[in-house]
Amino acid sequence: MRFLMMIKGNPDYEAGKPPSPALMEGMGRLAEEMTRAGVLLASEGLAPSSQGARVRLVAGKRSVIDGPFAEAKEVVGGFAIVEARSRAEAVDLAHKVVDVHLDAGIRDFEMEIRPLYGPGQCGDAQAAAAEAACAS
């Protein structure tokens, strides 16, 4: 199964402050290790939300909201796509990312992990309406 790991931003990230050399080195080593193991499929850091935009559709009307966005903890600062046998294995991989942040002196960190749907995998049996929509 593929999982999307979304690393939440923080005030330093939103201010455009680059990650510390210790964090960059640690993440580089971890990315290399996970790539060699065949579990890291993709990963990237994102520019601060001040350089982005949100496109919204409300009551049939489109709008574009320019960044920055108010809540840094609601902003994705980076992502990884990993291959894992289960959610538990994906969480274990996420703990490796947390360890790198701890080793770099970072004490506040949040990551969201969600499975990615592949072709024909639009949800579980309780989501019949979503399955029908996925099939169309």
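Refer to the preceding data block for the structure.
First, a word on what this report is: a plain description of the structure on this page. (Residues numbered from 1 in each chain as written. Predicted model: local features only at pLDDT ≥ 70, side-chain atom pairs only at ≥ 80, totals over all residues. Heavy atoms only, no water.)

Comments concerning the overall build of the protein chain
The helix and strand inventory of the protein chain stands at four helices and six strands. Listed by position from the N terminus, the elements making up the protein chain come as β-α-α-β-β-β-β-α-β-α. Split into buried and exposed, the 136 residues of the protein chain put 26% on the buried side. Taking as baseline every contact in the protein chain between residues at least 6 positions apart, the subset at least 24 positions apart corresponds to 73%. (Helix = DSSP H or I, 4+ residues; strand = E, 2+ residues; numbered from the N terminus. Buried < 20%, exposed > 50% of the residue type's maximum accessible area, 1.4 Å probe, protein only. Contact = heavy atoms within 4.5 Å.)

A look at helix 3 (residues 87–103)
Its 17 residues give helix 3 an end-to-end C-alpha distance of 24 Å, which sits within 8% of 24 Å, the value for a rise of 1.5 Å per residue. Taken as a whole, helix 3 has its buried residues at Glu-89, Ala-90, Leu-93, Ala-94, Val-97, Val-100 and His-101. The buried residues of helix 3 occupy an angular sector of 150 degrees when the element is viewed end-on, so they sit on one face. On its buried side, helix 3 packs onto strand 1 (2–8), helix 2 (21–36), strand 5 (76–83) and strand 6 (111–115). Just downstream of helix 3 lies Gly-105, where phi reads positive at about 90 degrees. (Expected span 1.5 Å × (residues − 1). Arc of directions from axis to C-beta.)

Here we look at the pairing of strand 4 (residues 61–66)
Of all six residues making up strand 4, only zero are buried, and the element is barely covered by its neighbours. By the bridge criterion, six bridges tie strand 3 (residues 53–58) to strand 4 in an arrangement that is antiparallel. The residue of strand 4 that forms the bridge with Leu-57 is Arg-62. Where strand 3 folds back onto strand 4 in an antiparallel hairpin, the turn is made up of two residues, including Ala-59, whose phi is positive at roughly 55 degrees. (Pairing = 2+ DSSP bridges.)

As for the environment of Ala-80
Following the sequence through the fold, Ala-80 ends up in strand 5. Using a relative accessible area of 14% as the deciding quantity, one classes Ala-80 as buried. Along the sequence, Ala-80 and Leu-4 sit 76 residues apart, while their C-alpha atoms lie 5.9 Å from each other. Excluding its chain neighbours within four sequence positions, the residues that come into contact with Ala-80 are Phe-3, Leu-4, Met-5, Leu-40, Ala-42 and Ser-43.

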